[in-house]
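Descriptive analysis of the structure
What follows is each chain in one-letter form.
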Amino acid sequence: MFNNCKSSARMISPILVSGKVEGFLVMDALDQEQRKRLILAEANYLNFISQMSDLIANKLALNVTISKLSAIINAVHEGIVAIDETGTITSWNEYATMALNAPDEYLEGKKVWEIFKLNLSSINHVLEYGQDIVHIEIKSVDALGASTYIGDVHPIFSQEKIIGALLVFREM
């Protein structure tokens, strides 16, 4: 497609993740007018592609971190359910779906009290005051019947603001 394109000027910035080159960000000038603009603003363009390379590298590194954390969370033999500040379930681990006999579609977007029968004041306390509640009785009702668990509720903070809570449950 670009076989006939000849570059008259080029700037290249490596995309480095953990010291390893994962790719390059390239800015080409394909004609004399673009070449002049590239050379006149060389420092600005170099700064720009360097920042974009860093941004891409950070995104790649974040994806690796997310994959690792997901593997850790799914290896735990406890149910983990995250809710937002309104009590809406936003994410969960594989053990939670197994323990609740619930497919992902069943949990997604539901209010925590639609799935679990628990003292709502416990959830509200965690969401309002940011204090852990531990060793509470949690009941769930699914297609196979009722189950009782022991669990904890922990606040989730972002920039010192409570943005949700984690409900962690295990068999009694």
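First, a word on scope: everything that follows refers to the structure included in this document.

Basis of the calculations
- Residues numbered from 1 in each chain as written.
- Predicted model: local features only at pLDDT ≥ 70, side-chain atom pairs only at ≥ 80, totals over all residues.
- Heavy atoms only, no water.
- Helix = DSSP H or I, 4+ residues; strand = E, 2+ residues; numbered from the N terminus.
- Rg over C-alpha atoms; globule rule 2.2 N^0.38 Å.
- Buried < 20%, exposed > 50% of the residue type's maximum accessible area, 1.4 Å probe, protein only.
- Contact = heavy atoms within 4.5 Å.
- Areas by Shrake-Rupley, 256 points an atom, 1.4 Å probe, with all protein chains shown as cover.
- Salt bridge = Lys/Arg side-chain N within 4 Å of Asp/Glu carboxyl O.
- Pairing = 2+ DSSP bridges.
- Phe/Tyr/Trp six-rings, centres within 6.5 Å; stacked < 30°, edge-to-face > 60°.
- Lys NZ or Arg CZ within 6 Å of the ring centre and 35° of its normal.
- Polar contact = N/O pair within 3.5 Å; in protein donor to acceptor, adjacent residues only side chain to side chain.
- Core = buried A, V, L, I, M, F, W, Y, C linked by side-chain atoms within 4.5 Å.

Time to look at the overall build of the protein chain. Scanning the protein chain from terminus to terminus reveals 6 helices and 8 strands. Ordered by position in the sequence, the α and β elements of the protein chain form the string β-β-α-α-β-β-α-α-α-β-α-β-β-β. Relative to the globule expectation of 16 Å for 172 residues, the C-alpha radius of gyration of the protein chain, 25 Å, shows a markedly less compact shape. Each principal axis of the C-alpha distribution contributes one length, and for the protein chain these read about 75 × 35 × 25 Å. The buried share of the protein chain, taken over its 172 residues, is 32%. Excluding contacts between residues fewer than 6 apart, the proportion of contacts in the protein chain whose partners are at least 24 apart in sequence is 40%. If you sum the accessible surface of the protein chain, you get close to 11200 Å²; carbon and sulfur atoms cover 56% of it.

Next up on the list: the pattern of salt bridges. Under the criterion given, the structure shown has 6 salt bridges. For Glu 22, the salt bridge goes to Lys 20, with nearest N and O atoms at 3.7 Å. The class of Glu 22 is partly exposed, set by a relative accessible area of 43%. The class for Lys 20 is exposed, based on a relative accessible area of 52%.

What follows deals with the pairing of strand β4 (residues 89-92). As paired strands, strand β3 (residues 79-84) and β4 are joined by 3 bridges and run antiparallel to one another. Bridged to Ile 83 within β4 is Ile 89. The turn linking β3 back onto β4 is made up of 4 residues, and Gly 87 within it adopts a positive phi angle of 90°.

Once that is clear, we can look at the packing of aromatic side chains. Centre distance and the angle of the planes are the two values used to describe a pair of aromatic rings. Tallying each qualifying case throughout the model produces 2 aromatic pairs. An aromatic cluster of at least three residues, connected via ring pairs, comprises Phe 116, Tyr 149 and Phe 169. The ring of Tyr 106 has Lys 110 lying over it, and the distance from NZ or CZ to the ring centre is 4.7 Å.

In this structure, Asp 152 sits in strand β7 (residues 145-158). Taking the relative accessible area as the measure of exposure, Asp 152 reaches 11% and is therefore buried. A polar contact is formed between the side chain of Asp 152 and the backbone nitrogen of His 135, at a distance of 2.8 Å.

Below, the discussion takes up unusual backbone geometry. Phi angles above zero are rare outside glycine, and Asn 101 is one such case at about 50°. As for its placement among the helices and strands, Asn 101 is situated in the loop between α3 (94-99) and α4 (104-107). Of note in this structure, His 135 is not a glycine but carries a positive phi near 55°. Considering the arrangement of structural elements, one finds His 135 in strand β6 (residues 133-142).

When a protein is soluble and globular, its nonpolar side chains tend to lie buried together. Formed by 26 residues in total, the largest nonpolar core has its most connected members in Val 81, Ile 83, Leu 100, Phe 116, Val 153 and Phe 169. When contributions to this core are tallied by element, the ones reaching two or more residues are β3, β4, α3, α5 (112-115), α6 (120-129), β6, β7 and β8 (161-171). No other element matches the 4 residues that β8 contributes to this core. The residues contacting Ile 83, other than those within four sequence positions of it, are Thr 88, Ile 89, Thr 90, Val 112, Ile 123, Leu 127, Ile 156, Ile 163, Gly 164 and Ala 165. Ala 9, Met 11, Met 27 and Ala 29 belong to the second largest nonpolar core, which has 6 residues in total.

Functional significance is not addressed by these values, which are geometric in nature.
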